[in-house]
Amino acid sequence: MKLHRPVVSVYTVPTDAPEADGTLAWASTTMVIAEVTADETTGTGWTYGPPAVGEFVRDQLAPLLEGRSALDIPAAHDAMCRAVRNAGRPGIAACAISAVDIALWDLKARLLGLPLARLLGVCRERVPVYGSGGFTTYHDTHLAAQLNGWVHGQHIPRVKIKIGEGWGREVSRDLARVRAARHVIGPEAELYVDANGAYTRKQAVRVGRALAELGVGWFEEPVSSDDLTGLRLVRDALVCDVAAGEYGYDLPYFARMISAGAVDCLQADATRCGGLTEFLRAAALAQAHGLEISAHCAPHVHAAAAASVPNFRHLEWFHDHVRIEDMFFDGALDPTGGTVGPLNGLGHGLTLRTDDVEEYQVA
């Protein structure tokens, strides 16, 4: 079973409302899809990043894969990682590797006639999710409607909103929005926040102490994820869990973060870190240090792997990516009740609706 040259397509989808977090604003999301074929069976993988990721797959990675065994994913992954040495792995190259690796895992499971979760081996049949959005651009009624939909509509018992507005210059509004969120979801649901690295170290400690009074149990990127010392200082000062890791593009990144004692729960994103191959390695690394792992965004990419990881905490049901993945694929998962079950169908269980999404294709 030999691989054909991967096919790449790029789509840009406008957001359904203005969106921003503590350090960035955006009006659209770009999805790069890689398709790999062997024996007339196709596997699909994707990442979220600029169109240049698609060009990198076509120009740098596709020639390496053509003719390789479809079953030997570690060899293909290693070849891609070695080939990007001079290009630099973090960023575009890592996202390109990730999309292809995800497609290879989907293809292998389909060739073997298995759901991807069964191929990896199941640790749990239901994967916990948390609703994620609550952008700083949302007015109060929009925020309330989104939170209501997750907690009271779909019965997802954990949610996250963005804080750190304006690089930490709107703390009073940040805390007001957290108080409003707590009022909407009630006292029982878990409440998380994500500052996207907007605060300074001591500012994050002050905000974190106020958050504790509102029952916030998860403080994501209170300071920049590049500031490992700062993360450790904030972690040591607060009772809530400090999390980071979504910008990890390779395994050594996660090793440095864990060794620094920077997080209570490691985050990893298979669409950035090197695909499911590297995500599973990061999960094992976290387990070796007594940590759980949480999957960042792209929920349908992560669901099968999440079912196989013993130290998995939860999957981010991120508004933008859920919306796009529901639009682009048949077989999307249902999070009602706060979990998803990734055991149906072959591979990751999704089928691309190529004709239906043609209007968003840009490359």
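Above this text sits the structure in question.
Summarised in this report is the structure supplied together with it.

### Quick look at helix α11 (residues 275-288)
Part 1 of the argument: Its 14 residues give α11 an end-to-end C-alpha distance of 20 Å, which sits within 8% of 20 Å, the value for a rise of 1.5 Å per residue.
Part 2 of the argument: Buried residues of α11: G275, L276, T277, E278, F279, A282, A283 and A286, and no others.
Part 3 of the argument: Backbone geometry just after α11 places G290 at a positive phi near 75°.

### Some remarks on the packing of aromatic side chains
Part 1 of the argument: Per the counting criterion, the structure on display carries 11 aromatic pairs.
Part 2 of the argument: An angle of 85° between the planes, with centres 5.0 Å apart, marks the rings of Y11 and F328 as edge-to-face. Of this pair, Y11 sits in strand β1 (residues 7-20) while F328 sits in helix α13 (residues 319-328); the two residues are 317 residues apart in sequence, bridging distant segments of the chain. You'll find Y11 and F328 in the same group, each marked buried.

### Some remarks on unusual backbone geometry
Part 1 of the argument: Phi at C297 is positive, roughly 55°, even though this residue is not glycine.
Part 2 of the argument: With respect to the helices and strands, the residue C297 is situated in the loop between β10 (292-295) and α12 (299-308).
Part 3 of the argument: A residue is classified by how much of its surface remains accessible, and C297, at 5% relative accessible area, is buried.
Part 4 of the argument: A positive phi is found at A298, a non-glycine position, where the angle reads about 35°.
Part 5 of the argument: Looking at the element boundaries, A298 is found in the loop between β10 and α12.
Part 6 of the argument: Since its relative accessible area comes to 0%, A298 is described here as buried.

### Considerations on the pattern of salt bridges
Part 1 of the argument: By the definition in use, this model includes 21 salt bridges.
Part 2 of the argument: Between R173 and E165 there is a salt bridge; the shortest N-O distance is 2.6 Å.
Part 3 of the argument: Between R235 and D264 there is a salt bridge, with its nearest N and O atoms 2.8 Å apart. In this pair, R235 is assigned in helix α9 (residues 228-237) and D264 in the loop between α10 (251-259) and β9 (265-268), connecting sequence segments 29 residues apart.
Part 4 of the argument: Taking relative accessible area as the criterion, R235 reaches 23% and is therefore assigned partly exposed.
Part 5 of the argument: Through salt bridges with shared partners, a single ionic network connects K160, K162, D194, E220 and E316.

### Quick word on the side chain of R177
Part 1 of the argument: Within the element layout of this structure, R177 appears in helix α7 (residues 171-185).
Part 2 of the argument: Among buried Asp, Glu, Lys and Arg side chains, R177 stands out as unpaired, with D174 the closest opposite charge at 5.2 Å.
Part 3 of the argument: Polar side-chain contacts of R177 include one of 2.5 Å to the backbone oxygen of K162.
Part 4 of the argument: In this structure, R177 is in contact with G134, F135, T136, L143, I161, K162 and I163, ignoring residues within four places of it in sequence.

### Remarks on the environment of P14
Part 1 of the argument: With respect to the helices and strands, the residue P14 is situated in strand β1.
Part 2 of the argument: Look at P14 and you get partly exposed, because its relative accessible area is 43%.
Part 3 of the argument: Spatially, the C-alpha atom of P14 lies 31 Å from that of M80, the residues being 66 residues apart in sequence.
Part 4 of the argument: Excluding its chain neighbours within four sequence positions, the residues that come into contact with P14 are A27, S28, R323 and Y360.

### Let's talk about the sheet that holds β1
Part 1 of the argument: Strand order in the open sheet formed by 3 strands is β1-β2-β3, with antiparallel pairing between adjacent strands. Pairing within the sheet leaves two strands with one partner each, and these edge strands are β1 and β3 (41-48). Adjacent strand axes in the sheet meet at a mean angle of 25° when their direction is disregarded.
Part 2 of the argument: Bridging between β1 and strand β2 (residues 25-38) involves 10 bridges; their strand directions are antiparallel. In the sheet register, V8 faces β2, and the bridge partner there is A34.
Part 3 of the argument: Sheet strands touched by helix α1 (residues 52-65): β1, β2 and β3. Its angle to β1, the strand with the most contacts, is close to 165°.
Part 4 of the argument: Packing of helix α3 (residues 92-111) onto the sheet brings it into contact with β2 and β3, and relative to β3 it is tilted by some 150°.

What counts, and where the lines are drawn
- Residues numbered from 1 in each chain as written.
- Predicted model: local features only at pLDDT ≥ 70, side-chain atom pairs only at ≥ 80, totals over all residues.
- Heavy atoms only, no water.
- Helix = DSSP H or I, 4+ residues; strand = E, 2+ residues; numbered from the N terminus.
- Expected span 1.5 Å × (residues − 1).
- Buried < 20%, exposed > 50% of the residue type's maximum accessible area, 1.4 Å probe, protein only.
- Phe/Tyr/Trp six-rings, centres within 6.5 Å; stacked < 30°, edge-to-face > 60°.
- Salt bridge = Lys/Arg side-chain N within 4 Å of Asp/Glu carboxyl O.
- Lys, Arg positive; Asp, Glu negative; His and termini not counted.
- Polar contact = N/O pair within 3.5 Å; in protein donor to acceptor, adjacent residues only side chain to side chain.
- Contact = heavy atoms within 4.5 Å.
- Pairing = 2+ DSSP bridges.
- Axes fitted to C-alpha atoms, helices over the stretch in contact; angles between N-to-C directions.

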